[in-house]
Amino acid sequence: MQLHRTDVVDGAIAILDQYGLADLTMRRLATSLHVQPGALYWHFPNKQGLLGAVADRVLAPMDEPVAATDWEGQITELSHRLRSCLLAYRDGAELVSATYASRLTTSKGRERLAGALIRGGMTREEADLSAYTLLYYVLGETVDEQARMQMDSAGALPQDKSPLFDTISATERFDFGLQLFLGGVRHLLGSRVR
């Protein structure tokens, strides 16, 4: 059987979901695909290249059309979609954070956020900086959320620290931060003489 690039990414995602990012090794992946580790390097020059492709798969829904027509609705929809993409996979936020930091992902999610902000009235430079700010907010909030869920499921958190007993849900906490971000953008835009 010939090994295809999509087979390698599928196998990596299966390991990510079952064991987590720390245990996603080229050796484990090769074993699960019943090939020698060298066969993986035919499709990816190194593990970092593989992780970039896995992150692109995780972020694929970011390319889908948005329903909202105004910039605030688009930012809200894209931010929630990004969070959902990250939560769909074990260690998804950690993986995407690492690949964004090393510029390995080709996802255009950040660019879509910047485009919505430009439509709202920001300059390109402001929109780019704001999109990075929002991206890192979503990544950081979701890394924390995933880590707490995993620690709780492993019994590593005392009962009173479990996310199950939080008075505010993770989604409500996320929305609060997102509304602060949007309020800051509205303030910046509203302070300009038009």
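Residues numbered from 1 in each chain as written. Predicted model: local features only at pLDDT ≥ 70, side-chain atom pairs only at ≥ 80, totals over all residues. Heavy atoms only, no water.

Observations regarding the environment of Val143
Link 1 in the chain: Mapping Val143 onto the fold places it in helix 8 (residues 124-153).
Link 2 in the chain: For the pair Val143 and Asp91, spaced 52 residues apart in sequence, the C-alpha to C-alpha distance is 7.5 Å. (Helix = DSSP H or I, 4+ residues; strand = E, 2+ residues; numbered from the N terminus.)

Examining the UniProt feature "DNA-binding region" (unreviewed entry) in the chain
Link 1 in the chain: The UniProt record annotates "DNA-binding region" (unreviewed entry) at residues 25-44.
Link 2 in the chain: Helix makes up 60% of residues 25-44 and strand 0%. Its end C-alpha atoms lie 13 Å apart. (UniProt positions renumbered as here; feature names shortened; annotations may be inferred.)

Digging into helix 1 (residues 5-19)
Link 1 in the chain: Counted at 1.5 Å a residue, the expected span for helix 1 with its 15 residues is 21 Å, and the 21 Å between its end C-alpha atoms agrees.
Link 2 in the chain: On its buried face, helix 1 sits against helix 2 (26-33), helix 3 (37-40), helix 4 (47-58) and helix 6 (92-101).
Link 3 in the chain: With its phi angle positive at about 100 degrees, Gly20 sits one or two positions after the end of helix 1. (Expected span 1.5 Å × (residues − 1). Contact = heavy atoms within 4.5 Å.)

Regarding the UniProt feature "domain: HTH tetR-type" (unreviewed entry) in the chain
Link 1 in the chain: Per the UniProt record, "domain: HTH tetR-type" (unreviewed entry) is found at residues 2-62.
Link 2 in the chain: Annotated as 64% helix and 0% strand, the span residues 2-62 places its first and last C-alpha atoms 30 Å apart.

Topic: the packing of helix 4 against helix 6
Link 1 in the chain: Between helix 4 and helix 6, whose axes approach to 9 Å, the crossing angle comes to 120 degrees. With respect to each other, helix 4 and helix 6 are oriented oblique. Handedness of the crossing formed by helix 4 with helix 6: left-handed. On helix 6, the residues touching Leu51, Gly52, Val54, Ala55 and Val58 of helix 4 are Leu95, Val96 and Thr99.
Link 2 in the chain: Classifying every residue of the contact of helix 4 with helix 6 gives 6 nonpolar, 2 polar and no charged. (Axes fitted to C-alpha atoms, helices over the stretch in contact; angles between N-to-C directions. Parallel < 35°, antiparallel > 145°, perpendicular 65-115°, else oblique. Left-handed = near helix turned anticlockwise from the far one by under 90°. Nonpolar A, V, L, I, M, F, W, Y, C, P; charged D, E, K, R; others polar.)

Considering the pattern of salt bridges
Link 1 in the chain: By the definition in use, this model includes 8 salt bridges.
Link 2 in the chain: Here Arg110 ties to Glu111 by a salt bridge, and the two come within 3.8 Å at their closest N and O atoms.
Link 3 in the chain: The class of Arg110 is buried, set by a relative accessible area of 9%.
Link 4 in the chain: With a closest N to O distance of 2.7 Å, Arg173 and Glu141 form a salt bridge. With a gap of 32 residues between them, Arg173 in helix 9 (residues 170-190) and Glu141 in helix 8 connect regions that are remote in the sequence.
Link 5 in the chain: Exposure remark for Glu141: the relative accessible area of 13% places this residue in the buried category.
Link 6 in the chain: What you see here is one network of salt bridges that share partners, running through Arg110, Glu111, Arg124 and Asp128. (Salt bridge = Lys/Arg side-chain N within 4 Å of Asp/Glu carboxyl O. Buried < 20%, exposed > 50% of the residue type's maximum accessible area, 1.4 Å probe, protein only.)

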